[in-house]
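Residue-level structural notes
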Amino acid sequence: MAWLLVVVAGLLETGFAVCLKLSHGFTRLWPTIAFAAFALGSFGLLTLALKKLDVGPAYAVWTGIGAAGTAIYGMVFLGDVVSTLKLVSISLVIIGVIGLQLSGSAH
């Protein structure tokens, strides 16, 4: 259950990163409100998960999901440049996240 919280928190991290861009420096109301909601949800779920998980693997999985998810979202929906190197790098992040998740141990 704790790993599920980390995964959802990582997806919410993607949401807050995208909303941060869309807020244009907190000058647009609804993306700013969405940023705050996603950020609070993400940090809240990560905090709950860390009660049961080692901090290193959990934090790495959280940031990896957020980084890969944000990069993919940017390429698909925001017109970010797509390159082979970028796709390979995202794949390596995902592989690393899976490896860290498998190596994480619950207390």
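Right above here is the structure, for reference.
Residues numbered from 1 in each chain as written. Predicted model: local features only at pLDDT ≥ 70, side-chain atom pairs only at ≥ 80, totals over all residues. Heavy atoms only, no water.

Once that is clear, we can look at the packing of aromatic side chains. The final tally for this structure, using the stated rule, is six aromatic pairs. Ring centres 5.8 Å apart and planes at 25 degrees place the aromatic pair phenylalanine 16 and phenylalanine 43 in the stacked group. Placement of phenylalanine 16 in helix H1 (residues 2–22) and of phenylalanine 43 in helix H2 (residues 29–49) is noted, with a sequence separation of 27 residues between them. Among the aromatic residues, those joined into a ring-pair cluster are Phe16, Phe26, Phe35, Phe43, Tyr59 and Trp62. (Phe/Tyr/Trp six-rings, centres within 6.5 Å; stacked < 30°, edge-to-face > 60°. Helix = DSSP H or I, 4+ residues; strand = E, 2+ residues; numbered from the N terminus.)

We now examine a nonpolar patch on the surface. A cluster of nonpolar side chains, contributed by Leu22, Ile72, Tyr73, Val76, Phe77, Leu78, Ile94, Ile98 and Leu102, occupies part of the molecular surface with about 810 Å² of accessible area. At the level of elements, helix H3 (55–77) and helix H4 (84–103) are the ones that each hand at least two residues to the nonpolar patch. Along the polypeptide, leucine 102 turns up in helix H4. Classification of leucine 102 as exposed rests on a relative accessible area of 67%. (Patch = residues over 30% accessible without salt bridge, like charges linked within 9 Å, V, L, I, M, F, W, Y side chains within 5 Å. Areas by Shrake-Rupley, 256 points an atom, 1.4 Å probe, with all protein chains shown as cover. Salt bridge = Lys/Arg side-chain N within 4 Å of Asp/Glu carboxyl O. Buried < 20%, exposed > 50% of the residue type's maximum accessible area, 1.4 Å probe, protein only.)

To continue, consider the environment of serine 83. Tracing the backbone shows serine 83 in the loop between H3 and H4. Residues serine 83 and alanine 34 lie 49 residues apart in sequence; the distance between their C-alpha atoms is 29 Å.

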